[in-house]
Amino acid sequence: MRLAVYPGSFDPVTNGHIDILEKTSKIFDKIIVAVVHNVSKKALFTLDERVALIRESSKHLVNIEVECFSGLLANYLSEKNACAIIRGLRTVADFEYEMHMAMINKKLMPGLDTIFVMSDSKYIFVSSSIIKEAALLGGDINGLVPEVVKKGLEEKRRQLNL
């Protein structure tokens with residue numbers, strides 16, 4: 001079975017992420033969306049909330065599983081017996097960073113490949129950080145995130161009294 005892992009913080013998942021999953025779900029037998037706590041970023045949603053949002057947003061894709069992980073990605077991939085890492089690209093700057101990550105992952109796990117997938121052009125400017133900022137400031141994020149994520153962001157805005 002060809003199993004790939006799509007790692008990220010997904011805080012929150014966007015339509016760009018879902019676009020990448022839709023494209024790659026046709027290539028792999030199974031994809032695990034591996035939600036990680038990124039210590040260098042302040043998360044708006046808890047790990048459990050992010051997992052729930054991704055599950056709801058990707059429920060139309062039958063070969064997607066969502067779980068959390070911590071530690072070294074190479075160890076997680078080995079444990080899951082994955083054949084590939086999925087990474088979405090929006091810009092040249094994304095490619096430069098992702099290329100370096102792919103190289104270290106290849107060094108740690110020589111049999112593993114990183115698959116780079118371009119997001120649809122309508123999502124090139126969409127990032128989780130931009131979505132959070134726009135949503136918390138009352139901006140219109142229609143069409144940029146799944147409906148469940150939009151509702152989640154509206155609830156976070158109410159909780160923060162913004």
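Here the structure is shown first, and the text comes after it.
Residues numbered from 1 in each chain as written. Predicted model: local features only at pLDDT ≥ 70, side-chain atom pairs only at ≥ 80, totals over all residues. Heavy atoms only, no water.

**A word on a nonpolar patch on the surface**
Side chains of Leu72, Tyr97, Met101, Ile104 and Leu108 sit close together on the surface and give an oily, nonpolar patch of about 470 Å² of accessible area. Note on placement: Leu108 falls in helix α4 (residues 92-108). On the basis of relative accessible area, Leu108 is assigned to the partly exposed category, the value being 43%. (Patch = residues over 30% accessible without salt bridge, like charges linked within 9 Å, V, L, I, M, F, W, Y side chains within 5 Å. Areas by Shrake-Rupley, 256 points an atom, 1.4 Å probe, with all protein chains shown as cover. Salt bridge = Lys/Arg side-chain N within 4 Å of Asp/Glu carboxyl O. Helix = DSSP H or I, 4+ residues; strand = E, 2+ residues; numbered from the N terminus. Buried < 20%, exposed > 50% of the residue type's maximum accessible area, 1.4 Å probe, protein only.)

**Examining the pairing of strand β5 (residues 113-118)**
Relative to β5, strand β4 (residues 84-89) runs parallel, the two sharing six bridges. Bridge pairing in β5 places Arg87 opposite Phe116. Taking the sense of rotation as the criterion, the β-α-β connection linking β4, α4 and β5 turns out right-handed. (Pairing = 2+ DSSP bridges. Right-handed = clockwise from strand over helix to strand, strands pointing away.)

**Concerning the packing of helix α2 (residues 47-57) against helix α6 (residues 147-159)**
Contact pair α2 / α6: the axes reach a minimum separation of 9 Å and the direction vectors enclose 150°. Comparing their axes, α6 and α2 come out roughly antiparallel. Each of Glu49, Leu53, Glu56 and Ser57 in α2 lies in contact with α6, whose residues at this interface are Val148, Val149 and Lys156. Taken together, the residues of the contact of α2 with α6 sort by class into three nonpolar, one polar and three charged. (Axes fitted to C-alpha atoms, helices over the stretch in contact; angles between N-to-C directions. Parallel < 35°, antiparallel > 145°, perpendicular 65-115°, else oblique. Contact = heavy atoms within 4.5 Å. Nonpolar A, V, L, I, M, F, W, Y, C, P; charged D, E, K, R; others polar.)

**Regarding the sheet that holds strand β1 (residues 3-8)**
In space, the five strands of this open sheet follow the order β3-β2-β1-β4-β5, with parallel pairing throughout. Each having just a single partner strand, β3 (64-69) and β5 make up the two edges of the open sheet. Averaged over all adjacent pairs, the angle separating strand axes in this sheet is 30°, with direction ignored. The strands touched by helix α1 (residues 15-24) within the sheet are β1, β2 (30-36), β3, β4 and β5, with β5 carrying the most contacts at an inclination of about 120°.

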